[in-house]
Amino acid sequence: MQYAVFFRNLNLGRPLAPTKAQFEQAFLDAGAITAQSFLTNGTLVFTTKPRANPKTLLTNAAKRLHAVCGLVEPGFMRPMDSLCELVAQQPFAAVDPASVYACCVSFLDPRVADLPRLPFGSLRADVEVLRITATEALCISRKIGNTPGSPNAFLEKHFALPATTRVWNTVVRLVQKHAGPGQLGRY
């Protein structure tokens with residue numbers, strides 16, 4: 001199976017963050033067959049053996065990253081199939097790119113409960129959640145004055161739990177690069 005993991009607040013090579021080689025090696029040491037970093041923002045794609053437990057693998061890789069560089073941030077894992085499905089749904093197709101600062105997907109902590117009803121957004125209207133599930137929030141960020149809204153900060157404050165956010169195009173590019181035959185669907 002193939003998975004993507006999105007770490008919170010991780011920029012490769014910065015203090016308390018691994019280098020690209022350390023990042024990939026932690027997953028290989030934890031039992032991944034392959035591990036490939038994507039960009040420098042703490043996103044990685046890995047494959048497992050057929051009967052391997054990906055949650056255990058992620059836990060062991062995170063422990064290794066803590067030992068190697070002191071990383072304490074959580075990782076949010078998703079099967080590549082689910083990311084392919086999400087991209088194929090084109091959730092931002094109706095959004096005029098000129099009307100927003102960014103379209104984003106936030107990966108939520110599994111302990112999130114009591115999902116808010118839509119419409120849902122910040123008081124400043126700089127963050128608007130278009131769709132939310134127990135695992136992801138699809139948001140738009142608007143720039144108010146000189147400051148764009150932060151979906152991650154907004155959601156972490158609302159739920160009092162960690163999250164991590166990626167610009168939507170990052171997920172689209174990740175799927176384009178790593179999806180296998182038959183996974184891509186139409187997008």
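For the structure, check the block above.
Residues numbered from 1 in each chain as written. Predicted model: local features only at pLDDT ≥ 70, side-chain atom pairs only at ≥ 80, totals over all residues. Heavy atoms only, no water.

Draft legend 1. Geometry of the overall build of the protein. Within the protein one finds 5 helices and 11 strands. Computed over C-alpha atoms, the radius of gyration of the protein comes to 17 Å, within 12% of the 16 Å expected from 2.2 N^0.38 for 187 residues, which places it in the range of a compact globule. Once the C-alpha set of the protein is aligned to its principal axes, its extents read approximately 45 × 40 × 30 Å. In the protein, which comprises 187 residues, the share counted as buried stands at 48%. Partitioning the intrachain contacts of the protein with sequence separation of at least 6 by distance along the chain shows that 69% fall at a separation of at least 24. (Helix = DSSP H or I, 4+ residues; strand = E, 2+ residues; numbered from the N terminus. Rg over C-alpha atoms; globule rule 2.2 N^0.38 Å. Buried < 20%, exposed > 50% of the residue type's maximum accessible area, 1.4 Å probe, protein only. Contact = heavy atoms within 4.5 Å.)

Draft legend 2. Molecular detail of helix H1 (residues 20-29). Burial in H1 covers these residues: Phe23, Glu24, Ala26 and Phe27. When H1 is viewed along its axis, its buried side chains cluster within an angular range of 150° and face the same direction. Elements in contact with the buried residues of H1: strand E1 (2-7), strand E2 (34-38), strand E3 (43-47) and helix H2 (54-69). Just past H1, the residue Gly31 takes up positive phi, approximately 120°. (Arc of directions from axis to C-beta.)

Draft legend 3. Here's a closer look at unusual backbone geometry. A cis geometry characterises the amide bond from Leu118 onward to Pro119, with omega recorded as 5°. One non-glycine residue, Gln90, lies in positive phi territory at about 45°. Secondary-structure assignment places Gln90 in the loop between helix H3 (80-88) and strand E5 (102-108). Since its relative accessible area comes to 35%, Gln90 is described here as partly exposed. Backbone geometry at Ala125 places phi at a positive 65°, although glycine is not the residue there. Assignment of secondary structure puts Ala125 in the loop between strand E6 (120-121) and strand E7 (127-132).

Draft legend 4. Quick look at the pairing of E2. Examined bridge by bridge, E2 and E3 share 5 bridges and lie antiparallel to one another. Across the sheet, the residue bridging to Ser37 is Leu44, located in E3. Between E2 and E3, which pair antiparallel in sequence order, lie 4 residues; one of them, Leu39, sits at a positive phi of approximately 65°. (Pairing = 2+ DSSP bridges.)

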